[in-house]
Amino acid sequence: MKLSQILKNINVQNNYPDVDVLDVTQDSRLVKDGSLFVCIKGAAFDGHSVADEMLNNGAVAVIVERDLGLDNQVIVENSRAVFSQICANFFGNPADKLKLIGLTGTNGKTTTTFLIKQILENVGKKVGLIGTVQNMICDEIYPAKYTTPDPYELQKLFSMMVEAECEYCVMEVSSQALAQGRVNGLRFKLGAFTNLTQDHLDYHKTWENYFNSKRILFENCEIAVTNADDEYGLEIVKGLDFEKLVTYAVDTNNASFVAKNVTFKPNGVEYELVGDTIGRCYCPIPGRFSVYNSLCAATCALALGIGFNDVLGAISKSNGVKGRIEVVPCDRDFTIIIDYAHSPDGLENIISSLREIAKGRVVTVFGCGGDRDKTKRPKMGRIAAELSDFCVVTSDNPRSENPSEIIKDILVGMQGIDTPYEVVELRYDAIEYAIRNAQKDDIILLAGKGHETYQILPTGTIHFDEREVVSEILSKL
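### Observations concerning helix H5 (residues 151-163)
- In this model H5 runs 18 Å from its N-terminal to its C-terminal C-alpha over 13 residues, within 8% of the 18 Å that 1.5 Å per residue would give.
- When H5 is considered as a whole, its buried residues turn out to be Pro 151, Leu 154, Gln 155, Leu 157, Phe 158 and Met 161. In an axial view of H5, the angular spread of the buried residues amounts to 155°, which keeps them on one side of the axis.
- Its buried side turned inward, H5 meets helix H3 (79-90), strand S5 (99-104), strand S6 (127-130), strand S7 (134-137) and strand S9 (168-172).
- For H5, the capping residue at the N-terminal end is Asp 150, with a side-chain oxygen 2.9 Å from the backbone nitrogen of Tyr 152.
- Two residues or fewer after H5 comes Glu 165, characterised by a positive phi angle close to 65°.

As structure tokens, then:
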């Protein structure tokens, strides 16, 4: 592809040779003969520092933000901002051929995207999915490294979806992706908001930055669906124009679609879905947050014109998502559940939901991630202690931090609360402790890791799949 084609609709500040480009990358390790290298300044590395080296390594041109005096340089105002458009042009702008559905919010994105995909497929649509657990093109599964991939991987996935004749792509859109411009230039058929609670402040630094990054999605969508119960649900769409604005709620009647007469069961939730039509909705995933997730998914589908009965029927047949209130087979008189809850609100939601169905104790095994927002740690400690019957405080992904120091931060929030707890630093040992000391009808919650099959330690990343860990421990009992 000619460089001029890749730079279509991008403001270039200098003349450049219109060379043939075979690939595009922002990663200096991936440069090969024929590459276009995009110099992006990050927190720890500035691609401009190796621009000349990349040309010597085979790159045919470099995208830069300032004049470096190189023959094959292309100067733009903001290389990060245009990278998404460059990748889109390179892959032939595949997103233009898809109906994009984007979900943003702190909690609930993963389950809700899966539910929307299942609803659309239930009425015969071909659907792609991009998210935290995995990427999918119809039934084919592809590994996911980030909730929202970098622009090159994202556009490549879009291209594969178009090739597979997908009509829709349902995707989680993270606050980091929005802030970093990974979805720049995309126009969403529908954007949906789940909720907003404390998370990722280690990256965004301020609550205002976090909120404003989420709002970017709604500046670029045709239909907006938002949670009227959340204090930021209406604020995030305020002052913006849409073809259609649709709201959903559980606690207020002032919404387009409302869940009424909610019933919680061990195997799911039921409620009356009230809008222009009224129908009984059953979602086979337990917990109060499943009401919100299924209600959001139903509202999105209805806003897209899917039939009311088709929506209810699809939700009733929906499957759970790996690492989201996932029951681990154990053939014992207690239950083990894995959940990704790693924020204060997420932990509160899952423990509260388990309390609604628990016959015995709720035992919570949890930790907090290292190199992340430290203010979450005592908050999560307090929530776990207040809502659980017993806690096992352990490590999560400590990364470069000392696990014992993270645990000390957690314990600060547990002070003054009578709930008994045990500190077991190694996560494997913590899970074994909880299982060995389980009582009849206990629910043991393994919180924080969810779908992850690894643990990031100060010494490096190790394989750590909690399903395998549970199986191995049970085999020894």
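### Quick notes on the pairing of strand S11 (residues 221-227)
- Counting buried positions along S11 gives six out of seven residues, so the element sits mostly inside the fold.
- Two strands pair when backbone bridges link them, and strand S10 (residues 188-193) and S11 are joined in this way by five bridges, in the parallel orientation. Bridged to Gly 191 within S11 is Ala 224.
- Taken together, the five bridges between S11 and strand S12 (residues 244-249) define a ladder with parallel strand orientation. Residue Val 225 lies in a different strand from S12, and its bridge partner there is Val 246.

### A few points about the packing of H3 against H5
- Where H3 meets H5, the closest approach of the two axes is 9 Å, and the angle between their N-to-C directions is 30°. Between H3 and H5, the crossing angle belongs to the class labelled roughly parallel. Considering only the axes of H3 and H5, their crossing is right-handed. Contacts from Phe 83, Ser 84, Cys 87, Ala 88 and Phe 90 of H3 reach H5 at Pro 151, Tyr 152 and Gln 155.

### A short note on the pairing of S9
- Of all five residues that make up S9, five are buried, and the element is covered over most of its length.
- Residues Tyr 168, Val 170 and Glu 172 point to one face of S9 and Cys 169 and Met 171 to the other, with burial holding for every one of them.
- For S5 and S9, the ladder comprises five bridges, and the chain directions are parallel. Across the sheet, Ile 101 pairs through a bridge with Val 170, a residue of S9.
- As defined by bridge partners, S6 adjoins S9 across four bridges and the pair is classed as parallel. Paired with Val 127 across the strands is Tyr 168, a residue of S9.

Parameters and conventions
- Residues numbered from 1 in each chain as written.
- Predicted model: local features only at pLDDT ≥ 70, side-chain atom pairs only at ≥ 80, totals over all residues.
- Heavy atoms only, no water.
- Helix = DSSP H or I, 4+ residues; strand = E, 2+ residues; numbered from the N terminus.
- Expected span 1.5 Å × (residues − 1).
- Buried < 20%, exposed > 50% of the residue type's maximum accessible area, 1.4 Å probe, protein only.
- Arc of directions from axis to C-beta.
- Contact = heavy atoms within 4.5 Å.
- Polar contact = N/O pair within 3.5 Å; in protein donor to acceptor, adjacent residues only side chain to side chain.
- Pairing = 2+ DSSP bridges.
- Axes fitted to C-alpha atoms, helices over the stretch in contact; angles between N-to-C directions.
- Parallel < 35°, antiparallel > 145°, perpendicular 65-115°, else oblique.
- Left-handed = near helix turned anticlockwise from the far one by under 90°.

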